[in-house]
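Each chain is listed here by its residues.
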Amino acid sequence: MVACRMKATSNEHQSVMLTEVIEHLAIKPDGIYLDATFGRGGHAQAILQQLGPRGRLLAMDKDPDAIAYAKEHFVTDARFSIHHGSFTELTDVIRRENLIGRIDGILLDLGVSSPQLDNPERGFSFLHAGPLDMRMDCSKGVDAATWLAAISEEALMKVFWEYGEERYARRITRAIIAARQETPITTTRELADIIAAAHPAWQKGKHPATRCFQAIRIAVNHELDELEQVLVQSVAALKVGGRLLVISFHSLEDRMVKHFMQREECGIELPAGLPIKHLDRHFHFKRLGRAIKPSTKEIGMNSRARSAILRIGEKLL
Ligand SMILES: C[S@@+](CC[C@H](N)C(=O)[O-])C[C@H]1O[C@@H](n2cnc3c(N)ncnc32)[C@H](O)[C@@H]1O
């Protein structure tokens, strides 16, 4: 396996809404759980603490560094297993273990981990000078520099506009296209400087490249497509009464999760007048409570929690 990390950087990640996740997973001591975004295992550790000797925790992550961490710190626990890959492979992983329809709870804690953001070599952050990579799985796919060199002006503007909700998408795109005609953009610093120079409305406390970096990361990692796929697969993997918990950090992701859970709960809208009664339709999922946000205290201690939203659902049939 390829390890992304070249320099030793901090492995610390503060898990978001840890208490809320454990409470709403309602862990049964001999249950089977799946943490599809292992990161540095903060949630995984807390789940294992609630499990008895017959319980199981399967974990997945795209990031080779996360897998290396799990192998170093978790695999001596016989209840735990780790799988390297995208959570879009969830069905395959669960099928190999003969666990389809038998999972008691699935956690998706989306986005990036602190070690990914803080390691300059990974190229996620405009705050650190590094290669423009941004892949969660640096063992495959196309890095952000290659992606940026090939994308059309129109498509780049759409990415900034839709994924970054960046008001100045057009100006920034033009600046990037002009710059790349001179010389390829290969580092985070070069890209951050181009965006900062083109951005006309700097906000206090927010780097002008924040939205564009986030947008490129979402595009390079196909984050929205993969989220749509894993949501469908998760419901199929759960047992009746099993729970799905999703923490998102971006309004587009949260909207996707919210609409998915609504559709699963209510079914698709049927045209009025069809000879089908509400009670004849089989509903196989229900949302549990409203969306949960981190407490002010948690945000005070961990500013990366501030945009987090947790949604929970339960499989019914
Ligand atoms: C916010 S961190 C999770 C932190 C973790 N819950 C903890 O307590 O340490 C998100 C993790 O999800 C992983 N990830 C993101 N997208 C993924 C995908 N499509 N498939 C698998 N892992 C993914 C990232 O590599 C990262 O390690």
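As a convention, each chain's residues are numbered from 1 in the sequence order in which they are written. Only residues with pLDDT of at least 70 get local features here, since the model is predicted, and only at 80 or more are side-chain atom pairs given and counted; chain-wide, interface and lining totals rely on the full set of residues. Each side-chain value is derived from all of the structure's non-hydrogen atoms; neither hydrogens nor water enter the calculation.

### Re helix α12 (residues 251-266)
- Counting from the N terminus, the helices are DSSP H or I runs at least four residues long and the strands are E runs at least two residues long. To estimate the expected span of a helix, count its residues, drop one, and scale the result by 1.5 Å. Taking 1.5 Å of rise per residue, 16 residues should cover 22 Å, and α12 covers 22 Å from first to last C-alpha, within 8% of that figure.
- Per-residue accessibility, obtained with a 1.4 Å probe over protein chains only, is compared with the maximum for each type, and a residue is labelled buried under 20%, exposed over 50%, and partly exposed between these values. Among all positions of α12, only Leu-252, Glu-253, Asp-254, Met-256, Val-257, Phe-260, Met-261, Glu-264 and Glu-265 are buried.
- Just beyond α12, the residue with positive phi is Gly-267, at close to 75°.

### Section: the site of the ligand
- For this description, a residue counts as near a given molecule or strand if any of its non-hydrogen atoms is within 4 Å of it. In the region of the ligand, 24 residues are neighbours, and Ser-15, His-43, Asp-61, Phe-87 and Asp-109 sit closest.
- In the analysis that follows, any N or O atom pair within 3.5 Å is treated as a polar contact, provided that within protein one partner can donate a hydrogen and the other can accept it, and provided that, for residues neighboring in sequence, both atoms belong to side chains. Gly-41 has a polar backbone atom sitting 3.2 Å from an oxygen atom of the ligand.
- Gly-42 is positioned such that a nitrogen or oxygen atom in its backbone is 3.2 Å from an oxygen atom of the ligand.
- For the ligand, the protein covers 98% of the area, taking 600 Å² as the surface of the free molecule.
- Three classes are used, and their members are as follows: Ala, Val, Leu, Ile, Met, Phe, Trp, Tyr, Cys and Pro are nonpolar, Asp, Glu, Lys and Arg are charged, and the others, Gly among them, are polar. Its residues assigned to classes, the shell around the ligand shows 6 nonpolar, 12 polar and 6 charged. Under the convention used here, a 1.4 Å probe and the Shrake-Rupley method define accessible areas, while residue burial counts only the protein chains that appear.

### Regarding the pairing of strand β1 (residues 32-35)
- Covered by surrounding structure in β1 are Ile-32 and Leu-34 together with Tyr-33 and Asp-35, the residues of both alternating faces.
- At least two DSSP bridges between two strands are needed for those strands to be called paired. Alignment of β1 against strand β2 (residues 56-61), held across 4 bridges, turns out to be parallel. Bridge assignment links Tyr-33 to a residue of β2, and that residue is Leu-57.
- By the criterion used throughout, a crossover qualifies as right-handed when its path from the first strand across the helix to the second strand runs clockwise, the strands pointing away from the viewer. Assessed by its sense of winding, the connection that carries the chain from β1 through helix α2 (residues 42-50) to β2 is right-handed.
- Summarising the sheet, β1 and strand β4 (residues 103-109) pair through 3 bridges and their orientation is parallel. Bridging across to β4, Asp-35 finds its partner in Leu-107.

### A word on the sheet that holds strand β7 (residues 309-315)
- With mixed pairing, 7 strands are arranged side by side in an open sheet as β3-β2-β1-β4-β5-β7-β6. Pairing within the sheet leaves two strands with one partner each, and these edge strands are β3 (80-84) and β6 (285-287). Going from strand to strand, the sheet's axes swing by 15° on average, the running direction of each strand aside.
- Whether two residues touch is decided by their heavy atoms; if any such pair falls within 4.5 Å, the residues are in contact. Here the axes come from fitting lines to C-alpha atoms, over the contacting stretch only for helices, and the angles between their N-to-C directions go from 0 to 180 degrees. Across the sheet, helix α3 (residues 64-73) lies against β2 and β3, angled at about 160° from β3, the strand it touches most.

### What about the domain arrangement of the chain?
- Structurally, the chain comprises domain 1 (18-114 + 223-315) and domain 2 (137-220).
- Start and end points for every domain follow an automatic or database-based domain assignment. Inter-centroid distance (C-alpha atoms) of domain 1 to domain 2 is 30 Å.
- Contacts between domain 1 and domain 2 engage 11 residues on the former and 9 residues on the latter.
- Once two parts are joined, some of their accessible surface, as seen by a 1.4 Å probe, is lost; buried area is that loss totalled over both. The junction of domain 1 with domain 2 conceals about 900 Å² of combined surface from both sides, 52% of it contributed by carbon and sulfur atoms.
- Note on definitions: salt bridges are taken to be side-chain nitrogens of Lys or Arg within 4 Å of carboxyl oxygens of Asp or Glu. The tally of links from domain 1 across to domain 2 stands at 2 salt bridges.
- A salt bridge links Arg-255 to Glu-165, with the shortest nitrogen-to-oxygen separation between them at 3.6 Å.
- Viewed at the interface, domain 2 and domain 1 are joined by 6 residue pairs in polar contact (both at pLDDT 80 or more).
- Every element with two or more residues in the side of domain 1 that touches domain 2 is listed here: α11 (223-237) and α12.
- Considering every element that reaches the side of domain 1 that touches domain 2, the biggest residue donor is α12, with 3 residues.
- Residue classes in the side of domain 1 that touches domain 2 are distributed as 4 nonpolar, 4 polar and 3 charged.

### Examining the environment of Phe-249
- By the element assignment, Phe-249 lies in the loop between β5 (238-248) and α12.
- Overall, Phe-249 belongs to the partly exposed group, its relative accessible area being 22%.
- The spatial distance from the C-alpha of Phe-249 to the C-alpha of Arg-304 is 9.0 Å, given a sequence separation of 55 residues.
- Contacts of Phe-249, omitting those with residues within four sequence positions, involve Val-16, Asp-109, Leu-110, Arg-304, Ser-307 and Ala-308.

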